[in-house]
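One letter stands for each residue in the lines below.
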Amino acid sequence: MTSISSASAGVFAEAPAEPDIGTGRGDRTPLWRRVATGVGLPLASVLVFLGLWQLAAVSGIWTETFVPPLGKVWQAFIDTSTTHDGVRGYGGYLLWEHLYMTLRRVFFGVLIGIGAGVAIGVAMGTVPWLRRLVEPWLTFLRALPPLAYFFLLVIWLGIDESPKITLLALSALPPAAVATTAAVAATPKALTEAAVALGGSRRQVLADVVVPSALPETFTGIRLAVGLAYSSVVAAELFNGIPGIGGVVKDASNYNNTPVVLVGIVAIGLSGLVIDGLLRLAERRLVPWRGKV
Amino acid sequence: MTAPKPSGAVRRGLLAVLLAVAVLVAATACAISKPGYDPDKPTIRLAYQTFPSGDLVVKNKRWLEEALPDYNIEWTKFDSGADINTAFVAKKVDFGAIGSAPVARGLADLHIGYQIAFVLDVAGENEALIARNGTGIEKVADLRGKRVATAFASTSHYSLLTALRQAGVNPSEVDIVDLQPQASYAAWQRKDIDAVYTWLPTLDEVRKDGKQIISSRELAGNGKPTLDLGVASTEIIESKPEVVDAWRKVQARALALIHSDPKAAAAAVAAEIGTDEEDAAAQLAQGTFLTIEQLTSPEWLGTQGKPGDVAEAVHSAAQFLKDQNQIPSVPPLADFSAAIYTEGLPGVFDNIN
């Protein structure tokens with residue numbers, strides 16, 4: 001119990017120090033202002049957006065295929081989330097099941113991609129000749145849109161989970177590797193030299209100096225990697241993508257079913273926001289020294 | 001760390017980058033204008049797809065350009081009927097070559113202002129269900145518990161579900177996966193799927209080590225034909241009926257050529273889809289192309305004031321969309337009959353040479 005309460009207290013104490021919330025010292029700003037800027041502003045922007053959308057929809061300038069009214073999108077959300085008239089969700093699966101399958105693919109893909117990417121990055125950052133050997137390949141891979149090679153993955157790996165997870169891993173790997181390489185290579189020379197002068201072995205220097213110094217930037221790379229992988233879900237679920245939220249978007253657009261496309265897009269976007277929020281939280285807990293060294 | 005003032009070298013570098021960007025912008029600004037485009041003429045915009053049909057003959061032989069010298073003719077290639085529907089909604093095209101399922105979608109729920117003015121082809125042996133050798137599938141009913149690939153929302157998808165229903169198989173008893181033709185061929189070679197309902201040219205590849213279970217020709221015989229249709233926007237029908245007539249005439253001329261001189265038609269189609277003449281001839285031979293007499297018979301488009309059974313086929317495709325939960329309800333048959341453009345039929349096809 002105590003550990004949980006202290007953990008949450010820790011988060012609470014640190015929250016005002018978050019640079020993008022603070023307008024000056026957080027603890028001096030009145031509570032109502034913090035609530036207003038932290039919750040009120042995003043909420044207001046969402047409301048304004050929805051209002052403009054609805055206005056555009058009812059104005060009749062565009063047809064419903066382009067800008068469906070909010071009521072239709074909401075109805076599509078209800079229809080895809082429930083069993084109605086004996087029909088289960090969309091394509092036989094409920095919305096959360098589609099989302100779950102996609103998140104599972106993203107989780108495994110990103111885990112593999114980031115694991116490999118960070119390992120390659122550390123190796124490249126510490127061994128200069130390795131960097132020259134591997135970097136062109138990474139840049140090559142990074143320049144490829146996933147759609148360009150997805151067909152090859154289907155030929156090599158089939159139509160089930162493996163090509164999808166591989167695609168997500170391949171899109172997450174380069175940003176993680178590149179950020180880690182840069183972070184490791186940017187370790188202040190003075191620190192490593194000091195550690196060596198104090199008698200540290202190569203392994204000790206790596207574990208106690210290089211990794212802690214590189215972690216903050218590596219974390220930025222990880223967030224980028226997750227974002228890139230997440231933006232590839234529609235490509236990954238292009239073939240045999242149902243169940244999967246990307247498959248839903250692709251299938252519905254084949255039928256010009258704009259409301260369902262929008263439901264899918266909102267689901268992808270919102271879950272992306274949640275994931276990024278969780279990563280930021282993890283970053284704050286795991287790398288509290290960011291910006292302070 | 002305080003920001004250092006940019007040194008001379010940095011400033012020169014920045015200047016070089018800016019200059020390069022400016023040159024690039026200038027280069028992209030002078031886009032290449034289309035050959036034969038005359039800004040003083042009105043433009044007729046056609047959406048086409050690369051399935052073998054008379055539409056490609058018309059395009060390749062430039063018959064429409066010939067028939068309408070006072071217009072710019074703009075052909076745009078599309079990959080699916082859904083995209084063409086979107087283009088019609090946006091009022092960016094006047095004519096389209098599009099399958100019966102997307103037309104049903106466009107008429108039933110999107111309320112797109114277009115009318116069915118031509119039947120380009122009827123799916124025959126060019127769309128079929130093939131079972132892989134060694135799977136033991138001999139008839140449609142054997143598909144229970146098997147994995148079957150087809151491209152969702154396509155005419156093949158519609159035909160597969162129709163075949164299952166006619167054989168008394170509930171689609172939920174079959175593992176149907178969504179794969180575009182080229183991907184289904186990859187999955188086929190890897191033995192990831194047991195059967196596939198697809199079209200040419202992938203169809204000929206899977207036929208080499210598979211057994212044909214049913215084709216769209218048989219389904220058409222059972223009263224469930226899938227069609228490729230020529231549609232014209234209501235706007236152009238009302239404002240420029242003479243253009244629609246010219247378009248119908250060249251389409252009829254292409255149909256006639258496919259019957260009278262298949263070699264010449266195949267050469268034109270081959271040039272458009274990037275294959276050789278022999279292959280194009282084989283592809284054309286597997287489709288069903290109507291004669292002008294058939295086209296204007298009650299079985300297909302019908303005649304002025306008496307729309308034919310094409311309405312029935314599109315109505316049935318709308319039922320398929322309802323079963324897929326893509327439209328809330330199926331409009332009555334009369335709505336589809338009203339969307340068939342029969343003005344001047346069959347007289348408009350006299351003397352098409």
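Along each chain, numbering runs from 1 in the same order as the chain's sequence is written. For naming, the first written chain is A and the first written ligand is 1, with later ones following in the order written. Local features are withheld for residues below a pLDDT of 70 in this predicted model, meaning they are given only at 70 or higher, and side-chain atom pairs are given and counted only at 80 or more; totals for whole chains, interfaces and linings count all residues.

> So what exactly am I meant to see when it comes to the overall build of chain A here?
Helix and strand content of chain A: 12 helices and 2 strands. Projected onto the principal axes, the alpha-carbon positions of chain A cover approximately 75 × 60 × 40 Å. A buried classification covers 35% of the 293 residues belonging to chain A. It is the C-beta atoms, placed from the backbone, that decide contacts: two residues are in contact if theirs lie within 7 Å. For chain A, the share of sequence-separated contacts (at least 6 apart) that also reach a separation of at least 24 residues comes to 68%. Secondary structure counts use DSSP, requiring at least four H or I residues in a row for a helix and at least two E residues in a row for a strand, with both numbered from the N terminus. We call a residue exposed when 12 or fewer other C-beta atoms sit within 10 Å of its C-beta, buried when the count reaches 20 or more, and partly exposed for counts in between; the C-beta positions come from the backbone.

> Explain the overall build of chain B to me, please; I cannot follow it from the model alone.
Secondary structure summary: chain B contains 16 helices and 12 strands in total. Taking the principal axes of the C-alpha coordinates as reference, chain B spans close to 80 × 55 × 45 Å. Going through the 353 residues of chain B one by one, you find that 50% of them count as buried. For chain B, the proportion of contacts with a sequence separation of at least 24, taken over those separated by at least 6, is 76%.

> Quick question: what am I supposed to make of the interface of chain A and chain B here?
Of the residues lining the interface, 19 residues belong to chain A; the matching set on chain B comes to 21 residues. For the side of chain A that touches chain B, the secondary-structure elements that each account for two or more residues are helix H6 (146-157) and helix H11 (245-254) of chain A. Polar here means any residue other than Ala, Val, Leu, Ile, Met, Phe, Trp, Tyr, Cys and Pro, which are nonpolar, and Asp, Glu, Lys and Arg, which are charged; Gly is therefore polar. Residue composition of the side of chain A that touches chain B, grouped by class: 9 nonpolar, 9 polar and 1 charged.

> Would you take a moment to explain the packing of helix H4 (residues 95-126) of chain A against helix H7 (residues 161-185) of chain A for this structure?
Each pair of packed helices gets described by two things: the angle between the helix axes and the distance between those axes. Residue and element names in this part refer to chain A. Only the stretch in contact is used when fitting a helix axis, every axis being a line fitted to C-alpha atoms; angles between N-to-C directions are given from 0 to 180 degrees. For the pair H4 and H7, interaxial distance at closest approach is 6 Å and the crossing angle is 30°. Comparing the axis directions of H4 and H7 gives the class roughly parallel. In this structure, the crossing between H4 and H7 has a hand that is right-handed. A breakdown of the residues in the contact of H4 with H7 according to their chemical character gives 22 nonpolar, 8 polar and 3 charged. Geometric relationships in this document are graded by angle, where less than 35 degrees denotes roughly parallel, more than 145 denotes roughly antiparallel, 65 to 115 denotes roughly perpendicular, and other angles denote oblique. Less than a right angle of anticlockwise turn of the near helix away from the far helix marks a crossing as left-handed, whereas a clockwise turn marks it as right-handed.

> Honestly, the domain arrangement of chain B in this entry has me stumped. Any pointers?
Quoted interface sizes are often the accessible area lost when the parts come together. All names here are of chain B. Here the bounds of each domain stem from an automatic or database domain assignment. Entries for chain B in the domain assignment read domain 1 (43-123 + 225-349) and domain 2 (127-221). One C-alpha centre belongs to domain 1, the other to domain 2; they are set 26 Å apart. Facing the 13 residues of domain 1 at the interface are 11 residues of domain 2. Contributing elements (two or more residues each) for the side of domain 1 that touches domain 2: helix H5 (100-108), helix H13 (277-286) and helix H15 (310-323). Its residues assigned to classes, the side of domain 1 that touches domain 2 shows 7 nonpolar, 6 polar and no charged.

> So what exactly am I meant to see when it comes to the environment of Asp228 of chain B here?
All names here are of chain B. Note that Asp228 resides in strand E10 (residues 227-233). Classification of Asp228 by C-beta neighbours within 10 Å gives buried; the count is 24. C-alpha of Asp228 to C-alpha of Ala267: the two residues are 39 residues apart in sequence and 21 Å apart in space. For Asp228, the contacting residues outside a window of four places in its chain are Phe51, Ser53, Ala97, Gly99, Leu120 and Asp121.

> When you look at helix H4 (residues 81-89) of chain B in this model, what are you seeing that I'm missing?
In an α-helix, one turn spans 3.6 residues; hence positions three or four apart end up facing the same way. Most of H4 of chain B sits inside the fold, with 8 of its 9 residues counted as buried. Within the sequence span of H4 of chain B, burial applies to Gly81, Ala82, Asp83, Ile84, Asn85, Thr86, Phe88 and Val89 of chain B. On the buried face of H4 of chain B, the contacting elements are H11 of chain A together with strand E1 (43-48), strand E3 (95-99), H5, strand E4 (114-122) and E10 of chain B. Positive backbone phi, approximately 60°, marks Lys91 of chain B, located one or two places after H4 of chain B.

> I tried to follow unusual backbone geometry on my own but got confused; where do I start?
Negative phi characterises most residues that are not glycine, and trans characterises most peptide bonds. At the junction of Ile242 of chain A and Pro243 of chain A, the peptide bond is cis and its omega measures out at 5° in the coordinates. Note that Pro243 of chain A resides in the loop between helix H10 (233-236) and H11. Cis geometry is found at the peptide bond from Leu345 of chain B to Pro346 of chain B, where omega equals 0°. One non-glycine residue, Asn256 of chain A, adopts positive backbone phi at about 55°. Within the secondary structure layout, Asn256 of chain A lies in the loop between H11 and helix H12 (258-286). Judged by the 24 C-beta atoms lying within 10 Å of it, Asn256 of chain A is buried. One non-glycine residue, Lys191 of chain B, lies in positive phi territory at about 60°. In this structure, Lys191 of chain B sits in the loop between helix H7 (181-189) and strand E8 (195-199). Overall, the presence of 11 C-beta atoms within 10 Å leaves Lys191 of chain B in the exposed class.

> For this particular structure, what's the right way to read the packing of H6 of chain A against H7 of chain B?
Viewed as axis vectors pointing N to C, H6 of chain A and H7 of chain B meet at an angle of 25°, and their least axial separation amounts to 8 Å. Our classification of the angle between H6 of chain A and H7 of chain B gives roughly parallel. Handedness of the crossing formed by H6 of chain A with H7 of chain B: right-handed. Contacts between H6 of chain A and H7 of chain B involve Phe151, Val154 and Ile155 of chain A from the first element and Gln182, Ala183 and Ala186 of chain B from the second. Residue composition of the contact of H6 of chain A with H7 of chain B, by class: 5 nonpolar, 1 polar and no charged.

> Any chance you could explain the pairing of E4 of chain B here in plain terms?
In summary, the side chains of a regular strand alternate between the two faces of the sheet. All names here are of chain B. Counting buried residues in E4 gives 9 out of 9 residues, a clear majority hidden from the surface. Pairing between E4 and E10: 7 bridges, direction antiparallel. For Phe118, the partnering residue across the bridge sits in E10 and is Gly230. Should DSSP find at least two bridges between two strands, the strands are regarded as paired.

> Could you clarify how one ought to interpret the sheet that holds strand E7 (residues 175-178) of chain B in this entry?
In any sheet, the strands associate via hydrogen bonds between backbone groups, in a parallel or an antiparallel arrangement. All names here are of chain B. Taken together, the 5 strands give an open sheet; going across it, the order is E7-E6-E8-E5-E9, and neighbouring strands pair in mixed fashion. Since the sheet does not close on itself, it has two edges, and those belong to E7 and strand E9 (210-215), each with one partner. Along the sheet, successive strands turn relative to each other by an average axial angle of 25°, direction set aside. Its contacts with the sheet place H7 against strand E5 (127-132), strand E6 (147-150) and E8, and it is angled at close to 150° to E8.

> I'm lost on the environment of Ile84 of chain B in this one. Help?
Residues and elements named next belong to chain B. Here Ile84 lies in helix H4. Residue classification places Ile84 among the buried residues on the basis of 29 C-beta atoms within 10 Å. Along the primary structure Ile84 and Pro346 are separated by 262 residues, whereas in three dimensions their C-alpha atoms are 27 Å apart. With residues near it in sequence (within four places) discarded, Ile84 still touches Ala47, Phe78, Val93, Gly96, Ile98 and Pro102.

> What should I look at first to understand the nonpolar core in this one?
One recurring pattern in soluble globular proteins: nonpolar side chains tend to sit buried together. Connectivity within a nonpolar core runs through C-beta atoms within 7 Å, and the core itself is a set of buried Ala, Val, Leu, Ile, Met, Phe, Trp, Tyr and Cys residues. Of all hydrophobic cores here, the largest spans 170 residues; its most connected members are Ala172 of chain A together with Val119, Val148, Ala195, Val310 and Val314 of chain B. When residues of this core are assigned to their parent elements, the largest contribution, 13 residues, is made by H7 of chain A. In this structure Val119 of chain B touches Leu227, Leu229, Leu290, Leu295, Trp300, Leu301 and Val310 of chain B, once residues within four positions along its chain are discounted.

> Honestly, the confidence of the model for chain B in this entry has me stumped. Any pointers?
Low pLDDT marks stretches whose predicted atomic positions should not be read closely. Values of pLDDT, the confidence the predictor places in each residue, fall between 0 and 100. When the pLDDT values of chain B are averaged, the result is 89; 94% of them are 70 or greater. Reported for the predicted complex are a pTM of 0.76 and an ipTM of 0.71.

> Looking at this structure, I do not really get the confidence of the model for chain A. What am I missing?
Residue and element names in this part refer to chain A. Chain-level pLDDT for chain A is 84 on average; 90% of the residues reach the 70-or-more range. When pLDDT is averaged over each element of chain A, H4 comes out on top at 93 and helix H1 (residues 2-14) at the bottom at 40. Long-range and interchain partners of residues 1-25, a stretch whose pLDDT sits below 50, account for 10 contacts in this model, where long-range means more than four residues apart.

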